[in-house]
Amino acid sequence: MITTERPETTVTEVAATKTVLITGASSGIGLAAAIGAAKAGWHAVATMRDPAKASALRTAAADAGVAERIEVERLDVVDPASVTQCLDRVIATHGRLDALVNNAGAGRLGSIEVADMQAYRDIMEVNYFGVVQTTKAAMPHLRAARGRVITVTSVGGVVGQPFNEAYCAAKFAVEGFMESLAPVAGTVGVSVTVIEPGAVTSEFVANQRLDVPALLAEVGPYAPALQAYIDRARKSFSAAQSSQEAAASIVAALTADRPAFRIQTSDAARDFVGVKLADLDGSAVQDLTETWVH
Ligand SMILES: NC(=O)c1ccc[n+]([C@@H]2O[C@H](COP(=O)([O-])OP(=O)(O)OC[C@H]3O[C@@H](n4cnc5c(N)ncnc54)[C@H](OP(=O)(O)O)[C@@H]3O)[C@@H](O)[C@H]2O)c1
C-alpha cells in the first residue's frame, strides 16, 4: 500500500481552473503526469526543451479526451531565460499557477576515476540547479495561489547506488533542498513533496545513449563490477512499473488535501527507501548494494 497523504487527511475535489506546470513532459513520467493531471480536471502546462517533440503527448491527450486541458510550452530547465519567459506566459494567460511539477531529469552511469568533471557538473545542472532555478522562479506565483511544489527525485535520491554517483548525488541534493524548503514554504501556504520512483519504463535509459562495450572498456579495473551492476539493472528494469503508474503518485500529490512530504511510487520503491531510512550506521545499504557489484 503506497502512502500519498499525511495521516488523518482526506482527498478533496480539485477546481477545474487550477493550473499546473510540468517540466520534461515530452516523454515518460512527465508526459503521463500531464495526461493524469488533465484527467483530474487541472489545466496542464506541459513544458519541454523542444516543443517539436510534443507529438506523443498530443496523441496521448487526444486519446484520453483531454487535449483542450493541455498546452505545450518551451522550457529548458538549464536555461534561466526560458524558465522566466515560460512562467510569464503562464501568468499572462491563466493569471495564476497552482502547482509546479519538477520532473525533468537525466541519468548518468559511470564512476569518478574514469569520468570527467564536466559530466558531473552537467548532471548536477539538469537534475539539481534546474530544479532550484524553476522552483525559485515559480515560488512567488505558488505563494499567491497557496499552491504546491512536487518534485520527482528517485529512490536514488535516498539510497546511493553503484555507478550512479553523479545521478544519486544530484538527486540527494534535490531531496536536501526540498526537505529544507518544505517547512519554510509551509509558512506561506505552499506544500512541498518529493516523488521517489524506482525503475520506471520511459525514455530514461535510452536517453543516456549507453554504449555498454565502450563503457566497460573505459572503466578498466571496474569492468567486472560494472558488468554485474548492468546485469542486475536489466533484471530490475524488466519488472519496472509504467510511467502512468509512477505519474499516478504525482496526481495524488496534486489532488490530496495535505500530501505527504515523501511519496514512493511503488511498494518496491517503498521497501528500498525504507532500508535506508532505518539504517543509522549505513551498513544495511552497504550490505545490499555490495551484492549488486559482485
Ligand atoms: N525511469 C526511471 O527508472 C526513473 C526512476 C527514478 C526517477 N526517475 C526520474 O523521473 C523523472 C522523469 O524521467 P523519465 O523516467 O520519465 O525519463 P525520460 O522519459 O527520459 O524523461 C525525462 C524528461 O526530462 C527532459 N529533460 C532532460 N533535460 C531537460 C532540460 N534541460 N530541460 C527540460 N527538460 C529536460 C527530457 O526531455 P527531452 O525529450 O528533450 O530529452 C524528458 O522529457 C526524472 O527526473 C528521472 O530522474 C526516473
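It should be emphasised that the depicted structure is a prediction, and the values quoted were computed from it without experimental measurement.

The rules behind the values
Residues numbered from 1 in each chain as written. Predicted model: local features only at pLDDT ≥ 70, side-chain atom pairs only at ≥ 80, totals over all residues. Heavy atoms only, no water. Near = heavy atom within 4 Å. Polar contact = N/O pair within 3.5 Å; in protein donor to acceptor, adjacent residues only side chain to side chain. Areas by Shrake-Rupley, 256 points an atom, 1.4 Å probe, with all protein chains shown as cover. Pairing = 2+ DSSP bridges. Helix = DSSP H or I, 4+ residues; strand = E, 2+ residues; numbered from the N terminus. Axes fitted to C-alpha atoms, helices over the stretch in contact; angles between N-to-C directions. Expected span 1.5 Å × (residues − 1). Buried < 20%, exposed > 50% of the residue type's maximum accessible area, 1.4 Å probe, protein only. Arc of directions from axis to C-beta.

1. Quick notes on the site of the ligand
Logical step 1: The environment of the ligand is made up of 28 residues, and the closest members are S26, K53, N103, Y167 and S202.
Logical step 2: For the ligand, a nitrogen atom lies 2.9 Å from a polar atom in the side chain of D76.
Logical step 3: Contacts to the ligand include N207, whose side-chain N or O atom sits 2.8 Å from an oxygen atom.
Logical step 4: A total of 880 Å² of accessible area belongs to the ligand in isolation, and the protein chains cover 96% of it.

2. A look at the sheet that holds strand β6 (residues 191-196)
Logical step 1: The strand order across the open sheet built from seven strands is β3-β2-β1-β4-β5-β6-β9, with neighbouring strands paired in parallel fashion. Where the open sheet ends on each side, the last strands, each with one partner, are β3 (70-74) and β9 (262-264). For this sheet the average axis-to-axis angle between neighbouring strands, irrespective of direction, equals 20 degrees.
Logical step 2: Here strand β4 (residues 99-102) pairs with strand β5 (residues 148-152) via four bridges, running parallel. When the sheet's bridge partners are listed, L100 is paired in β5 with V149.

3. Section: helix α3 (residues 80-94)
Logical step 1: Relative to the 21 Å expected for 15 residues at 1.5 Å per residue, α3 spans 21 Å between its end C-alpha atoms, a close match to the ideal helical length.
Logical step 2: Along α3, the residues classified as buried are S82, V83, C86, L87 and V90. Down the axis of α3, the smallest arc covering the buried residues is 130 degrees, so these residues share one side. α3 presents D88 and A92 as exposed residues on the side facing more than 90 degrees away from its buried surface.
Logical step 3: Just downstream of α3 lies G95, where phi reads positive at about 75 degrees.

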